[in-house]
Amino acid sequence: MSLKRKKPDFTGSPTLLVRNPEQACRKQPWMEEKPLFSLFGSKHLRTEAAVERDGPDSRTSGSSGRAQELFHSRQVVQKHRRSSTSRTNVWQKKNLHQSVNKVMSQRVVEGCSSSHSGPFTFTEETRREMMYNYYIQRGIGLVNVAPLQDSCLEKIHELIPSKLSHLSSEQNLLDDEIKEEYLHSVRAAILTHTPNDPSGNEKGKKKDLPPHRLEMEIVPKPWNRSFVQARKRMNLNLHCISRPLLQVMILWHNCYKDVRLIDVAELCSREKFMELSEFQQIVTQHLDLTKRFLLENWLSDVHNMFCVDNMHNLLLSLSKKGKLESFFNSAAALMTLQLQKLTLNSLSDYTRLISKEMHSDRARRTSGFVLHLILEDTDIKFEPDFRAYEKVLVSMFELMLRSTRSIPRIETTLFPDWEESHLGKTLKPIILPEIIQAQQEEVCRAFWAETDRPKEYIHQYDQYAMLMSRQAEEKVEQFLSQRRSFQDIMEEAIRYQQLADEILYTPCKVVQLGMFEVRSHKLLRSLVKRAQELNHKLAMQMLQDHQEISRNLCTEFEKISVKALSTPADTLTLMELKAYIQKVLTTEMPRLEQQLADSNRQLCSLMDFVTLSPEDLELNAQTVHWFQRMPSIFEEHQQMIIVKTELYQSGLKLHRECFMEELVNYSMQMKEFLGFGELSDLSKYLKKAQALNARLDLASKKINELNLEEEAFGWPVSQYPLRKQIQDRLTPFLRLYETASDFLRHHEQWLRGPLSAVSPDKVEEDVGNYWRTLYKLEKGFSEVPNALKIARTIKAKVEDFKEHIPMVQVLCNPGLRTRHWDAMSELAGFSLHPVDEQVCVAQYLVMRLEQHLSSFDGISEAASKEYSLEKALEKMGSEWCFMEFTLLAYRETGTFILSSVDEIQLLLDDHIVKTQTMRGSPFIKPFTKEIREWEAKLLLLQEILDEWLKVQFTWLYLEPIFSSPDIMVQMPEEGRRFTAVDKTWRETMMQVSLIMQGRSAIKHLPLYEKLRQNVPQHVLHATSLSSRQHVLLKPSMPC
């Protein structure tokens, strides 16, 4: 579409009208014009050549420069049309020649048959034939004849077989022949129907009319007056045939009928494919340009038409008659119709552009849309996506409709102060929603049909699915999660680098698929980025490994250096340092040298993958520098070892002399213990003995250290017998003081402490140990009178307390209860009940109860037996606290069964035996009630467990049998009984499973009792049913 404005092609005559198919009922222009020729007579009208030579005729009113210019434009258009019909004129001349020959041949025949000779005269038939041919060839102009429509030619082309479609030249000749035949037929139709006598009368014929047509013969016509009035009313009210509106139609037809809202030709002629935003921008620009073109040109031309002088008079007369508003409404209706046609044509062109011009079925001659492939997370997507394209393509319809609804009405431009009516100030072309929806659906259908090929094209990149789905990243993570060698990581990095190069240099990055040009640059960049990221991750791992190796080398070199140059604190450290450096020289330094060489080779390979930072280079240089420094460090270490060896040897000699002086001092301290004999200072003696013993222990460790130093220097090992002598002399005194102190402390606790805190058995054991120790020490101190005195004194106290041990065992017996204290009080003749918890043994010793000791022993022994039975009963109860029944879900039946009862059965049997044994004991009388209740519980649990397992066994046997529908049909009575048992079993087991959670088995005896009460009445049926089923089903079982 070109918005170059054409000059208006109209004259002052209102008879020059555009052919309008919608108004087929009105007169055609050729019916009103006078012919441009005269076959008979002396008066001739001017031909078209004369018109071209002399200019417009005198009928053109208001001739001016504007009219002459418009008339000249019309003549140019007519010349163009006459040139386009040159082939038709040739055909007309040919037919004229044939007609003349035919007439002359007829004349010769008639001349030969006539008996007289005379001038040649035309017969009536010949005259009519010649007039017919002349009018066909020359008499009817083609200016106002509508050309053959393209739709007719297209329908004709559809009838041509596809195998002949390549004959383009022959097809063009066929089109020309069809057009010539069409024009000939139009002339013949005009000539046939126009010159006839309207009255239908012919010479020599009588009128033979039906009765209802006789009124046509009446002159003057009786309806002439009403006809004239109707014609005047039409001239006054029918504005669409007025001269101004006819000029508006001519203007639109000549200058603006080819205008379109969107220049489809420009879109098709674009060499490059368009981005969606670019397409939106271009279409928006086209709409803006077309709108501005209509406002600045079309509306301006219409405005100028209404501004000429004669139009002013016409508008003034209409205003006086009150017809001005209806006139402008007619003008608005005409202009709205023209905008409606413009909009419909634009919508159709746009729909044709998307659905046909850009369609993949035709050869690529037009532009299309750019579609980018992008990688979003793990999926390949289109950018913009197809929904965005569909939305934009459909939105163009609304934009086109909106652009034609803002053209002002002509009266608002002529009269700025024109009052706004209910119709508004703008033209409002109406396009039916059905039309818009149909075209939108056609655009969407064609568009989505074009999306299939891009969607299939995506599969071209399935070979990179590992990168897209991030499986490659997971694979690399898993690869790096394990310890890998530098060479393995480098090979993996090279593989991903090659993959990135392969993707980067892919040759086919742009593919034309129908209306889309699919560009893969963004997708490839994303894939390359992911491959490079994996390569970079591997390279960084190699760099980290290399840095770690370099740091470890520097750390080890530094560690060796620090160790080698460190000052040993003692001789042992000196010897360890010498051994360490010797090991480093023989084993560590060759290994570190090899690691440094490997690190340098890795660094050379690593430089192909990453750019080393200054810190990395500094670290590598530091590693090399450390290796170069090591010889000087070892030399300095050797010099330090020589100096320290001399220093520590002289120090060792001095330490041995000092140690001998310390041992002599310890021997002098040992002599002091010979004079210690006061029992009141026993604690002080003990502290001194413990202190001297600790010093002797330290002296033993120091002897070992001195011996190690002597061995390190290769000296003979020194012996220090004085230390052992002092230790042997000190040991008896230390044992005496410790034994005496312990007895005195415990003696006070036994006599003055509460009875419950004294354990008779422990007292008896401790007293025996003290007496034996003191007995041995008494013999060893026969030559040390002071120590012997202390030993004898403490031994005498131990022997005195041994006499009270039987009474202590009776009084401190933990099994004594009130009944025992009553019995002992009865024997003693007074109350022996403890007054409070602070009662001690000393209070009973002053009562002189030794005479009743034999009787008290019997009571105490019985109390001990009863106490052991009580503890045994409590222990059995505690063993059941953590014992639970285990319930398991049985298959898919929805119920439970008892499982793992072996441990419970063993414990139950053991406790029943123990309980029955305890019942036979003569000392069980105080616990008769408890032991009977306990025995009853155990026996009840045993009985319930037996019945439970028996019912469970029977149910497990019958449940698979009666779960079969066939068995239930064959034995309905037995099935009913089993159903009752099964229901009770399931309900009871469900209750057991809910109540038993987290509780011991022995605490559920009420529930077990309920289980025994509910089940036994069905157990007999179940048991008999089990045997009966066994008999009935056994013959039918497969062998």
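Per an unreviewed UniProt entry, the protein goes by Dynein heavy chain linker domain-containing protein and derives from Crenichthys baileyi.

A.B. asks: Even after reading the chapter, I still don't get the overall build of the protein, so can you show me in this structure?
C.D. replies: When its secondary structure is counted, the protein shows 37 helices and six strands. Here the protein holds 1039 residues, and 39% of them are scored as buried. Considering only residue pairs separated by 6 or more positions, the protein has 77% of its internal contacts joining residues 24 or more positions apart. Taken as a whole, the protein presents about 61,900 Å² of accessible surface, with 54% of it coming from carbon and sulfur.

A.B. asks: Help me out: how do you make sense of the environment of Asn345 in this one?
C.D. replies: Of note, Asn345 is situated in helix 13 (residues 324-357). With a relative accessible area of 31%, Asn345 lands in the partly exposed category. In this structure the C-alpha to C-alpha distance between Asn345 and Arg260, which are 85 residues apart in sequence, comes to 7.1 Å.

A.B. asks: How should a positive patch on the surface be read in this particular structure?
C.D. replies: On the surface, a cluster of positive charge is made up of Arg735, Arg772, Lys776 and Lys802. The residue Lys776 is located in helix 26 (residues 760-780) in this model. Given a relative accessible area of 59%, Lys776 falls into the exposed group.

A.B. asks: It is not clear to me how unusual backbone geometry should be interpreted in this structure. Could you clarify?
C.D. replies: Across the chain, the bulk of peptide bonds are trans and the bulk of non-glycine residues have phi less than zero. Following Glu383, the chain continues into Pro384 via a peptide bond in cis, with omega recorded as -5°. Its location among the elements puts Pro384 in the loop between strand 2 (379-383) and helix 14 (386-403). Not every positive phi belongs to a glycine, and Asp377 is a case in point at roughly 60°. Within the element layout of this structure, Asp377 appears in the loop between strand 1 (369-376) and strand 2. For Arg470, which is not glycine, the phi torsion reads 65° and is therefore positive. Tracing the backbone through its elements, the reader meets Arg470 in the loop between helix 18 (465-468) and helix 19 (471-481).

A.B. asks: Sorry, what's going on with the side chain of Ser403 here?
C.D. replies: With respect to the helices and strands, the residue Ser403 is situated in helix 14. A relative accessible area of 10% places Ser403 in the buried class. Excluding anything up to four places from it in sequence, Ser403 contacts Leu261, Leu287 and Lys291.

A.B. asks: Looking at this structure, I do not really get the packing of aromatic side chains. What am I missing?
C.D. replies: Aromatic rings considered in pairs are described by the distance between their centres and by the relative angle of their planes. Applying the stated criterion to the full structure yields 32 aromatic pairs. Between the aromatic rings of Tyr389 and Phe516, the centroid separation amounts to 5.8 Å while the plane-to-plane angle is 75°, which identifies the pairing as edge-to-face. Here the residue Tyr389 occupies a position in helix 14, and Phe516 occupies one in strand 4 (residues 516-519), the gap between them amounting to 127 residues. We classify Tyr389 as buried; its relative accessible area is 0%. A connected cluster of aromatic rings, assembled from ring pairs, spans Phe279, Phe369, Phe382, Phe386, Tyr389, Phe447, Trp448 and Phe516. One residue, Arg495, lies across the ring of Tyr496, its end atom 4.6 Å from the ring centre. The cationic tip of Lys563 hangs over the ring face of Tyr580; the distance from NZ or CZ to the ring centre is 5.9 Å.

A.B. asks: Can you walk me through the sheet that holds strand 1 in this structure?
C.D. replies: Across the sheet, which stays open at both edges, the four strands sit in the order 2-1-4-3 with mixed pairing between neighbours. Each end of this open sheet is capped by a strand with a single partner; those strands are strand 2 and strand 3 (510-513). Each neighbouring strand pair of the sheet contributes to a mean axis angle of 30°, computed without reference to strand direction. In terms of strand pairing, strand 1 meets strand 2 through five bridges, oriented antiparallel. Across the sheet, residue Glu376 finds its bridge partner in strand 2, namely Asp379.

A.B. asks: Looking at this structure, I do not really get the nonpolar core. What am I missing?
C.D. replies: The tendency in soluble globular proteins is for nonpolar side chains to be buried side by side. Counting 97 residues, the largest nonpolar core has Phe279, Trp298, Phe306, Tyr350, Phe369, Leu373 and Ile410 as its most contacted members. When residues no more than four places from it in sequence are discounted, the contact partners of Ile410 are Leu299, Val302, His303, Phe306, Phe328, Ala331 and Met335. Grouped together as the second largest cluster of nonpolar side chains are 87 residues, Leu619, Ile703, Leu730 and Leu832 included.

A.B. asks: Teacher, can you tell me more about helix 16 (residues 433-450) here?
C.D. replies: In an α-helix, one full turn covers 3.6 residues, which means residues spaced three or four apart are oriented alike. Taking 1.5 Å as the rise per residue, helix 16 with 18 residues should run 26 Å; its terminal C-alpha atoms sit 26 Å apart, in good agreement. Along helix 16, the residues that are buried comprise Ile436, Gln439, Val443, Cys444, Ala446, Phe447 and Glu450. Viewed end-on, helix 16 has its buried residues packed into an arc of 165°, placing them on one side of the element. The exposed set on the far side of helix 16, more than 90 degrees from its buried face, consists of Pro433 and Glu434.

A.B. asks: Looking at this model, I keep getting lost on helix 25 (residues 721-752). Mind explaining?
C.D. replies: Across its 32 residues, helix 25 extends 48 Å between first and last C-alpha, which sits within 8% of the 46 Å expected from 1.5 Å per residue. The sharpest bend along helix 25 measures roughly 30° and falls at Leu730, with the proline Pro732 sitting one to four residues further on.

A.B. asks: Would you mind showing me how to read the packing of helix 25 against helix 26 here?
C.D. replies: The packing of two helices is summarised by the inter-axis angle and the distance between the axes. Contact geometry for helix 25 and helix 26: axes closest at 10 Å, N-to-C directions at 150°. Between helix 25 and helix 26, the angle falls in the class roughly antiparallel. At the point where helix 25 passes helix 26, the crossing takes the left-handed sense. Between helix 25 and helix 26, the residues in contact are Pro732, Arg735, Leu736, Thr739, Asp742, Phe743, His746 and Trp750 and Val763, Asp766, Val767, Tyr770, Thr773, Leu774 and Leu777, respectively.

Quick notes on the rules
- Residues numbered from 1 in each chain as written.
- Predicted model: local features only at pLDDT ≥ 70, side-chain atom pairs only at ≥ 80, totals over all residues.
- Heavy atoms only, no water.
- Helix = DSSP H or I, 4+ residues; strand = E, 2+ residues; numbered from the N terminus.
- Buried < 20%, exposed > 50% of the residue type's maximum accessible area, 1.4 Å probe, protein only.
- Contact = heavy atoms within 4.5 Å.
- Areas by Shrake-Rupley, 256 points an atom, 1.4 Å probe, with all protein chains shown as cover.
- Patch = residues over 30% accessible without salt bridge, like charges linked within 9 Å, V, L, I, M, F, W, Y side chains within 5 Å.
- Salt bridge = Lys/Arg side-chain N within 4 Å of Asp/Glu carboxyl O.
- Lys, Arg positive; Asp, Glu negative; His and termini not counted.
- Charge placed at Lys NZ, Arg CZ, Asp CG, Glu CD.
- Phe/Tyr/Trp six-rings, centres within 6.5 Å; stacked < 30°, edge-to-face > 60°.
- Lys NZ or Arg CZ within 6 Å of the ring centre and 35° of its normal.
- Pairing = 2+ DSSP bridges.
- Axes fitted to C-alpha atoms, helices over the stretch in contact; angles between N-to-C directions.
- Core = buried A, V, L, I, M, F, W, Y, C linked by side-chain atoms within 4.5 Å.
- Expected span 1.5 Å × (residues − 1).
- Arc of directions from axis to C-beta.
- Bend = angle between axes of the 7 residues up to and from the residue.
- Parallel < 35°, antiparallel > 145°, perpendicular 65-115°, else oblique.
- Left-handed = near helix turned anticlockwise from the far one by under 90°.

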